[in-house]
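# Residue-level structural notes
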Amino acid sequence: CKESNGCILLRIRRNFVRIIKNANYCDRYDTWWNGYQWQDTRIGNVRMSSLPAPLYGFSIGRMDVFYRGEDGYLWDTFWDGSRWQDVKIGNVEMASQPSPLYGFSSGRMDVFYKGMDGYIYDTWWTGINWQTSQLGGSGNVESAPAALYGYSVGRMDIFWIGKDGYLWDTWWTGSHWQDSKIGGKGDCLPVQPSPIYGFGGTNRMDVFWKSLNGCIVDTWWNTNILAWQDTVLCKTNVGNDNLCCNM
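Residues numbered from 1 in each chain as written. Predicted model: local features only at pLDDT ≥ 70, side-chain atom pairs only at ≥ 80, totals over all residues. Heavy atoms only, no water.

Another aspect to go through is the packing of aromatic side chains. Summed over the entire model, instances satisfying the criterion amount to 10 aromatic pairs. The cationic tip of K181 hangs over the ring face of Y166; the distance from NZ or CZ to the ring centre is 4.2 Å. (Phe/Tyr/Trp six-rings, centres within 6.5 Å; stacked < 30°, edge-to-face > 60°. Lys NZ or Arg CZ within 6 Å of the ring centre and 35° of its normal.)

Quick look at the structure:
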């Protein structure tokens, strides 16, 4: 097992917080606040080879924790209302940690990840079963992807760092997936970027990433000129490769 101190904070409702963590890449633990005290619970029996990625809100009383299993494929450990269950849901070998979201359409969950071939894949719940689709990337994907939904109706964006050192966006146009080079000058560090929308206006998206010299850079959509712009936010070397932003 590979040692890791990675934790994912998930706020489910007021005064009820869960922290999905792994003492190493083999085991998953849920440290959860029950309203009075913290408790630790080991969840699932399938050994992991990536950080866990939790998702809450798909349905009442359900929580999903996605990860790459030691077999290299996508797994979902989910709470069905009474117990945790492990289900293998992907059929493409993964080369990154997953990035899940829900809300693109009613009754749908999507889990994005990099395949061994350098493409972006989406394993998504149709309402009946799980399906896997190749979206884009053209073999150029270097980092784990980061998914964003909500910028506009019917749009979904998947951000990633390419082997060319640029920030890319694989986005749903309404009819097909399209790859767009949006930021960086070949100086993006190949770690998962962190996107948000809504800061400074409803028509703005921001994607934060780490440069090769250790600076945090914000690539943001400027509605005044209808173009992406890069802004260096700090000139101090950032030691942690894992970026996280929240609003």
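It is worth spelling out the pairing of strand 9 (residues 99-102) at this point. The pairing of strand 9 with strand 10 (residues 109-114) spans four bridges and is antiparallel. For S99, the partnering residue across the bridge sits in strand 10 and is F112. Counted between consecutive antiparallel strands, the loop separating strand 9 from strand 10 contains six residues, among which G103 sits at a positive phi close to 115 degrees. (Pairing = 2+ DSSP bridges. Helix = DSSP H or I, 4+ residues; strand = E, 2+ residues; numbered from the N terminus.)

Looking now at the nonpolar core. If you look at the biggest cluster of nonpolar residues, it comprises 12 residues: L148, Y151, F159, I161, L167, I182, C188, M205, V207, W209, V217 and W228. Where this core is concerned, the elements lending two or more residues are strand 14 (156-161) and strand 18 (205-210). The element contributing the most residues to this core is strand 18, with three residues. With 11 residues, the next largest nonpolar core counts F104, A147, M156 and W168 among its residues. (Core = buried A, V, L, I, M, F, W, Y, C linked by side-chain atoms within 4.5 Å. Buried < 20%, exposed > 50% of the residue type's maximum accessible area, 1.4 Å probe, protein only.)

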